[in-house]
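# Chain and residue survey
Next come the chains, spelled out residue by residue.
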Amino acid sequence: MNEYAPVVSSLRCQAMIIDYKNELIHQHTALKTIIFSFKRFIENLNEFNSEIEDGAGYLSTIQTILGCIASSHKLDHIRLCCDEKSKQNFLNDSYGLLISGKLKESVSVYQTAHKSSMVDGLKPYQIINGISSGIALTETQNKKGTAWVKGIQDAFYVIGQKVNLQVGQRLYRGATLSKTQLNDFRAAITNGQKKDLSGFISTSLSESIALCFAILSYVRWLENTDIEIDNPHIPVVFELTNRKESLNFLMPDALRLPHRSQGQMEVLLQGTTQIKPTYIDYQEGFIKIYADILN
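Below or above, wherever it landed, is the structure these notes cover. (Residues numbered from 1 in each chain as written. Predicted model: local features only at pLDDT ≥ 70, side-chain atom pairs only at ≥ 80, totals over all residues. Heavy atoms only, no water.)

Assigned secondary structure in the chain consists of nine helices and ten strands. Taken over the C-alpha trace, the chain has a radius of gyration of 19 Å; the compact-globule value for 295 residues is 19 Å, and the two agree within 12%. Here the C-alpha coordinates of the chain stretch approximately 65 × 45 × 45 Å along the principal axes. Split into buried and exposed, the 295 residues of the chain put 45% on the buried side. When the 30 positive and 30 negative side-chain charges of the chain are each reduced to one mean point, those points stand 7 Å apart. (Helix = DSSP H or I, 4+ residues; strand = E, 2+ residues; numbered from the N terminus. Rg over C-alpha atoms; globule rule 2.2 N^0.38 Å. Buried < 20%, exposed > 50% of the residue type's maximum accessible area, 1.4 Å probe, protein only. Lys, Arg positive; Asp, Glu negative; His and termini not counted. Charge placed at Lys NZ, Arg CZ, Asp CG, Glu CD.)

Once that is clear, we can look at the pattern of salt bridges. Across all of its chains, the model carries seven salt bridges by this definition. For the salt bridge of Arg243 with Asp292, the shortest nitrogen-to-oxygen distance reads 3.2 Å. Pair noted here: Arg243 is in the loop between strand E6 (233–242) and strand E7 (249–250) and Asp292 is in strand E10 (residues 287–293), with a separation of 49 residues, a long-range link. The exposure class of Asp292 is buried, given its relative accessible area of 17%. (Salt bridge = Lys/Arg side-chain N within 4 Å of Asp/Glu carboxyl O.)

Take the nonpolar core next. Counting 52 residues, the largest nonpolar core has Tyr95 and Phe249 as the members making the most contacts within it. It is helix H7 (residues 139–160) that contributes the most residues to this core, seven residues altogether. Ignoring anything within four residues of it in the chain, the contact list for Phe249 reads Ile18, Leu91, Tyr95, Phe156, Ile159, Val163, Asn164, Leu165, Val267, Leu268 and Leu269. Counting 26 residues, the second largest nonpolar core, distinct from the first, contains Ala30, Phe38, Ile65 and Val237. (Core = buried A, V, L, I, M, F, W, Y, C linked by side-chain atoms within 4.5 Å. Contact = heavy atoms within 4.5 Å.)

Attention now moves to the packing of helix H6 (residues 124–133) against H7. Where H6 meets H7, the closest approach of the two axes is 9 Å, and the angle between their N-to-C directions is 80 degrees. Considered as vectors, H6 and H7 are oriented roughly perpendicular to each other. For the pair H6 and H7, contact is made by Pro124, Ile127, Ile128 and Ile131 and by Gln141, Asn142, Gly145, Thr146, Trp148, Val149 and Ile152, respectively. Its residues assigned to classes, the contact of H6 with H7 comprises seven nonpolar, four polar and no charged. (Axes fitted to C-alpha atoms, helices over the stretch in contact; angles between N-to-C directions. Parallel < 35°, antiparallel > 145°, perpendicular 65-115°, else oblique. Nonpolar A, V, L, I, M, F, W, Y, C, P; charged D, E, K, R; others polar.)

One non-glycine residue, Asp120, lies in the positive phi region at around 50 degrees. Residue position: Asp120 is located in the loop between helix H5 (101–111) and H6. Its identity as a non-glycine residue notwithstanding, Ser246 has a phi of 60 degrees, on the positive side. In this fold, Ser246 is placed in the loop between E6 and E7.

With that out of the way, let us pick up the pairing of E10. Extensive coverage of E10 is indicated by the burial of six of its seven residues. In the sheet, E6 pairs with E10 via seven bridges, with the strands oriented parallel. Paired with Asn242 across the strands is Ile293, a residue of E10. Inspection of the sheet shows strand E9 (residues 273–282) paired to E10 by seven bridges, in the antiparallel sense. For Ile275, the partnering residue across the bridge sits in E10 and is Ile293. (Pairing = 2+ DSSP bridges.)

The next subject is the side chain of Gln141. Residue placement: Gln141 occurs in helix H7. With relative accessibility at 3%, the residue Gln141 sits in the buried group. A polar contact is formed between the side chain of Gln141 and the backbone oxygen of Asp120, at a distance of 3.1 Å. (Polar contact = N/O pair within 3.5 Å; in protein donor to acceptor, adjacent residues only side chain to side chain.)

So, on to the packing of aromatic side chains. Across all of its chains, the model carries seven aromatic pairs by this definition. When the centroid spacing of 5.9 Å and the interplanar angle of 15 degrees are considered together, the rings of Phe156 and Phe200 count as stacked. Residue Phe156 is found in helix H7, and its partner Phe200 is found in the loop between strand E4 (195–197) and strand E5 (201–204); the two are separated by 44 residues along the sequence. Look at Phe200 and you get buried, because its relative accessible area is 4%. Geometry around Phe185 places Lys195 over its ring, the cationic atom sitting 5.0 Å from the centre. (Phe/Tyr/Trp six-rings, centres within 6.5 Å; stacked < 30°, edge-to-face > 60°. Lys NZ or Arg CZ within 6 Å of the ring centre and 35° of its normal.)

Take the side chain of Asp76 next. With respect to the secondary-structure elements, Asp76 resides in helix H3 (residues 55–81). In this view, Asp76 contacts Tyr20, Lys21, Asn22, Glu23 and Leu24; residues no more than four positions away in its chain are not counted.

Written as structure tokens, this is what we have:
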């Protein structure tokens, strides 16, 4: 029995779809801006035979674009939190009542990326996912990470008694895949196979945010490798559609004051998430993989 069971025993659970659409910037415009910028970056690398280190200059460009998109989401988020009938307002109220102390600290630290929060050279989210995947950690990392993982799992449990996601909820995730990994997804679609995404899975309600993170991941990968020709990678956006009744989730920004949200519309999924890829769409400059969330 979970230690928080007595706290949530009287709650009635509400299933929802967070049908968020940014009112300040059209998603098509945001996506085209990212793709155009990334295309120019690739053209410059090819034309001038630039060194991999030149990616550092592009990082500032894509981070600026990410900041602009996130700011529009942030302002829109504030508007929604002021609307007593909105789901964002409901989530903020629910989190304020149910999540505090160690649970709040654990969820909040997962979003923290500042150097001052690093433990023995790793960021909190790297340690938390390291605990889940069983990678080697220092004693201090392991101690802190174990406590954070428990806090996040307990937060999932508590919020899951109050609210969860309905079938049909759409989420986006940005990543960088190697040729081998992409072929694995192709094979999974052909053979009707399922795939597991391990650790806590960070997704977004915004496709443009996911694409930004996919490209950031790709450029950082370029900076740290010299074997692109032998081991090609490509930015990938996953469009995930929930097919599971009552899918547990956390929205970390609901623990922040609206004007202090990160603007990334992050939705965190619990533990290993099983998906079934259904289609691969070859977009300009990146690949989009459609998949169903099974559990």
